[in-house]
Amino acid sequence: MANSIESTLVETRVFQPPQNFVEQANVAGQASYQALLEAADRDPDAFWAKQAREHLHWTKPFTKVLDESRAPFFEWFGDGELNVSANCLDANLKNGNASKVAIIFESDDGVVKKITYQQLHDRVCQLANGLKALGYKKGERSIIYMPMSIEAVVAMQACARLGITHSVVFGGFSAKSLHERITDVGASLVLTADEQMRGGKAIALKPAVDEALAMGGCEAVRHCIVYKRTGGKIAWDAKRDVWFHDVADKQATTCEPVAVGAEHPLFILYTSGSTGKPKGVQHSSGGYLLWAKLTMQWVFDAKANDIFWCTADVGWVTGHTYIAYGPLAAGLTQIVFEGVPTYPNAGRFWKTIQDQKVSIFYTAPTAIRSLIKTSDADAAVHPKSFDLSSLRLLGSVGEPINPEAWMWYHTNVGGGRCPIVDTWWQTETGGHMITPMPGATPLKPGSCTTRLPGITAAIVDEVGGDVAAGQGGFLVIKRPWPSMIRGIWGDPERYVKSYFPPELGGYYLAGDGAQCDKDGCFWIMGRIDDVLNVSGHRLGTMEVESALVAHEMVAEAAVVGRPDATTGEAIVAFVVLKRTRPEGDEALALGKQLRDWVAKEIGPIAKPKEIRFGDNLPKTRSGKIMRRLLRVVAAGEAITQDISTLENPAILDQLSKPV
Ligand code: PRX
């Protein structure tokens, strides 16, 4: 672990929850928040049992709440049984929401399609029946590599209905990344689309699946189900490939949900860690869904007439919890958006909010920062040129939001009247952990504020001791919580090593450095490991390095993050070639070649912003690359650190110059 995190806080602005918001809030006022917090701290088992009984429909009630006997492999509601899809769909049909719109789908080119809870239920049942007819059943794993679409949600829900554990792979990942996930998870089924539409362009998806499946080791895959999104030309393997509509259309619109144990893995989602190999984060059914639903109500203050819009992709955890599961379990109408924020122009988000009367809007700081730039340059795409009066609550996720972006979001998008919930959480936590409750928590721009009830977040030192307010340290969660990661698929040792290091005495180590101020507000300082956060996307430096050294020209590579005004962090790669160091135009051309190579190996999100070539890398006498110096060099800062252990100090000069 790195040394303690140092930081100085200067932000002093505080925004109280507006009175009219408090009056209608699900958690209204500080006292209500405190009461929940205290109830959860006083008797966690009783607290969680009550929530789980009130918020979920169990086919077999649980008698045990938390089982710690195999810690840190915790079990929640272990002897209870339920079905996640029944909780998201059938429950709404019984609640009188059958004719309520579940999803407003807005395509890349602006075409809108609405689907009610009844229709969504029917379509999910049809696909589930189709999957059954193909022989799929509980316990198998599927890979979902699909664009943002109603069909992607249908695919996830249909798997959940049958107890098939899904693993969604973001459509921007390469065939190689897809192959890695198909084999690691042992998938027997792949669901994909012919192409996806982004920013007016068709981008192929099915060819990446074909390529991945041809790489070997995927023999368990029996079918590839293809959703026809564009009708673009694709290769077809008649023995393996089937159209989504052929699988689903003729099937019955009811399908008995398969009851699964609360601990049954609902999904496995791959995320980056500090080694080259992504981790398959395994989530449960009962505990996960409970938290997805509860945070919709507490943090998003979900109400029957809300129009909710989370702009994430279903390929990330945000799109799992706050698109595919949470909003449906809470019975909301939500937007599913296929496009990008800048197409046909940078006013797209604001136009959609205006047209669809969105009331809760949840997006990432990167998107906000890039839209600040474009709207400063063009009044026509500025949020003030749109009627955003339907908004009542804003949210932020994925990376720290800088106070300037927070203020702009608050003023220009929220009209100064909408609270902002800056939600800190991770793929591993399943749902929000530290965030304001909008009707209760005073907001401080740049802070994700306070812990949610039942979430024992704290800042500790290297040996797990609490640190004083205002001091940097490691962000930990002291006690287990229902939606926590259950394991790393196929690698229990890595799970224990990554999240429960022995020196912390059983606390969950989040991997973030943070501090807590005197009001109990958390300020996230960034990762303490070799994980980068680029535009809210999590990437391991080792993953990018492995991709670079896989290129035939590359002898060595070291990758670091550099602060970036728009993307939060940007990737800078220092590369030593097997041949002499290129300069000038040649360096530019080779840099481009390597950047494209990384995009092909991992996906465009992993493309380094900059590549610098050196004769060598800065190393200690024992041959260890000194990454902390590379971080300084990449940021263009002067080196003030001790470099006496450096074998080759002159190399720093060479690497300091951008190509
Ligand atoms: O560093 C934290 C940052 O994103 C990491 C988790 O990334 P991922 O698993 O991809 O999940 C992102 C969406 C939940 C964290 O370890 N992070 C996430 N939300 C915030 C944040 N950093 C600061 N403030 C946030 N609100």
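About the cut-offs
Residues numbered from 1 in each chain as written. Predicted model: local features only at pLDDT ≥ 70, side-chain atom pairs only at ≥ 80, totals over all residues. Heavy atoms only, no water. Pairing = 2+ DSSP bridges. Helix = DSSP H or I, 4+ residues; strand = E, 2+ residues; numbered from the N terminus. Axes fitted to C-alpha atoms, helices over the stretch in contact; angles between N-to-C directions. 1 Å grid on protein atoms, 1.4 Å probe; cavity = no way out; pocket = protein on both sides within 12 Å on 5 of 7 lines; lining within 4 Å. Points joined across faces, edges and corners; volume = space filled by probe spheres on them. Nonpolar A, V, L, I, M, F, W, Y, C, P; charged D, E, K, R; others polar. Near = heavy atom within 4 Å. Polar contact = N/O pair within 3.5 Å; in protein donor to acceptor, adjacent residues only side chain to side chain. Areas by Shrake-Rupley, 256 points an atom, 1.4 Å probe, with all protein chains shown as cover. Buried < 20%, exposed > 50% of the residue type's maximum accessible area, 1.4 Å probe, protein only. Contact = heavy atoms within 4.5 Å. Arc of directions from axis to C-beta. Salt bridge = Lys/Arg side-chain N within 4 Å of Asp/Glu carboxyl O.

Student: Is there a simple way to think about the sheet that holds strand β24 (residues 508–516) in this case?
Tutor: Within a beta sheet, neighbouring strands are joined by backbone hydrogen bonds and run either parallel or antiparallel to one another. One open sheet holds the four strands; their spatial order is β21-β22-β24-β25, and the pairing between them is antiparallel. The two strands at the open ends of the sheet, each matched to only one other strand, are β21 (457–460) and β25 (522–527). Averaged over all adjacent pairs, the angle separating strand axes in this sheet is 45 degrees, with direction ignored. Where β21 meets strand β22 (residues 472–477), four bridges bridge the pair, whose relative direction is antiparallel. Bridge assignment links isoleucine 459 to a residue of β22, and that residue is leucine 475.

Student: Hey, could you run me through the layout of surface pockets in this one?
Tutor: Empty pockets left among the atoms are what a rolling probe the size of a water molecule brings to light. One number sums up the size of the second largest pocket: a volume of about 310 Å³. Taken together, 18 residues make up the lining of the second largest pocket; nearest its centre are Phe173, Ser174, Ala175, Ala599 and Lys600. Breaking the lining of the second largest pocket down by element, the ones donating at least two residues are α7 (175–185), β10 (201–204), α8 (206–214) and α17 (584–601). Looking at the lining of the second largest pocket element by element, the count peaks at three residues for α17. In terms of residue class, the lining of the second largest pocket is built from 10 nonpolar, four polar and four charged.

Student: Looking at this structure, how should I read the site of the ligand?
Tutor: Taken together, 16 residues form the shell around the ligand, and within it Asp422, Thr423, Thr427, Arg527 and Arg538 come nearest. Within the contact set of the ligand, a nitrogen atom lies 3.4 Å away from a backbone nitrogen or oxygen of proline 400. In the environment of the ligand, an oxygen atom lies 2.7 Å from a nitrogen or oxygen atom belonging to the side chain of arginine 538. Burial of the ligand by the surrounding chains reaches 94%, relative to a free accessible area of 540 Å². Of all the secondary-structure elements, those providing two or more residues to the shell around the ligand are β20 (420–423) and β25. For the shell around the ligand, the class distribution of residues is five nonpolar, six polar and five charged.

Student: I would appreciate a short explanation of the pairing of β10 in the present structure.
Tutor: Regular strands place their side chains on alternate faces of the sheet. Where strand β9 (residues 195–198) meets β10, four bridges bridge the pair, whose relative direction is antiparallel. Bridge pairing in β10 places methionine 197 opposite alanine 202. Between β9 and β10, which pair antiparallel one after the other, the connecting turn spans two residues, and glycine 199 there sits at a positive phi close to 60 degrees.

Student: What exactly am I supposed to notice about unusual backbone geometry here?
Tutor: Where the residue is not glycine, phi is negative for most of them; where a peptide bond is considered, it is trans in most cases. Residues alanine 71 and proline 72 are joined by a peptide bond in cis, for which omega reads 5 degrees. With respect to the helices and strands, the residue proline 72 is situated in the loop between β1 (66–67) and β2 (75–76). For the bond running from tyrosine 343 to proline 344, omega is 0 degrees, close enough to zero to count as cis. Relative to the helices and strands, proline 344 resides in the loop between β17 (333–337) and α12 (348–356). The backbone of aspartate 301 sits at a positive phi, close to 50 degrees, despite the residue not being glycine. Mapped onto the secondary structure, aspartate 301 falls in the loop between α10 (286–298) and β16 (307–310). A positive phi angle is found at threonine 449, which is not glycine, with a value near 60 degrees. Note that threonine 449 resides in the loop between β20 and β21.

Student: Looking at this structure, how should I read the side chain of threonine 435?
Tutor: Topologically, threonine 435 is positioned in the loop between β20 and β21. For threonine 435, a relative accessible area of 1% corresponds to the buried category. If we skip the residues at most four places from it in the chain, threonine 435 touches Val299, Val421, Asp422, Thr423, Cys448, Thr449, Thr450 and Leu452.

Student: Help me out: how do you make sense of helix α15 (residues 492–499) in this one?
Tutor: Because the α-helix completes a turn every 3.6 residues, residues three or four places apart line up on one side. Considered for burial, the residues of α15 that qualify are Arg494, Tyr495 and Tyr499. The buried residues of α15 all sit within an arc of 105 degrees when viewed along its axis, so they share a single face. For α15, the exposed residues lying more than 90 degrees away from the buried face are Glu493 and Lys497. Packing partners of the buried residues in α15 comprise β15 (279–283), β23 (487–488) and β24.

Student: Would you mind going over the pattern of salt bridges with me for this structure?
Tutor: Oppositely charged side chains are able to pair whenever their charged atoms sit close together. Evaluated as defined, the whole model comprises 36 salt bridges. What you see here is one network of salt bridges that share partners, running through Lys206, Asp210, Arg240 and Asp241.

Student: Is there a simple way to explain empty space enclosed by the protein in this structure?
Tutor: In this structure the tally under the stated criterion is two cavities of 30 Å³ or more. Space inside the largest cavity adds up to approximately 50 Å³. Around the largest cavity sit 13 residues that line it, and Ala160, Gly163, Val260, Leu266 and Ser285 are the ones nearest its centre. Grouping the constituent residues of the lining of the largest cavity by class yields nine nonpolar, four polar and no charged. Roughly 30 Å³ of volume is contained in the second largest cavity. Considering the residues around the second largest cavity, the lining is formed by Val168, Val169, Phe170, Phe173, Arg181, Leu269, Tyr270, Gly315 and Trp316. Taken together, the residues that form the lining of the second largest cavity break down as seven nonpolar, one polar and one charged.

In short, the description is geometric, and any link to function would need to be established separately.
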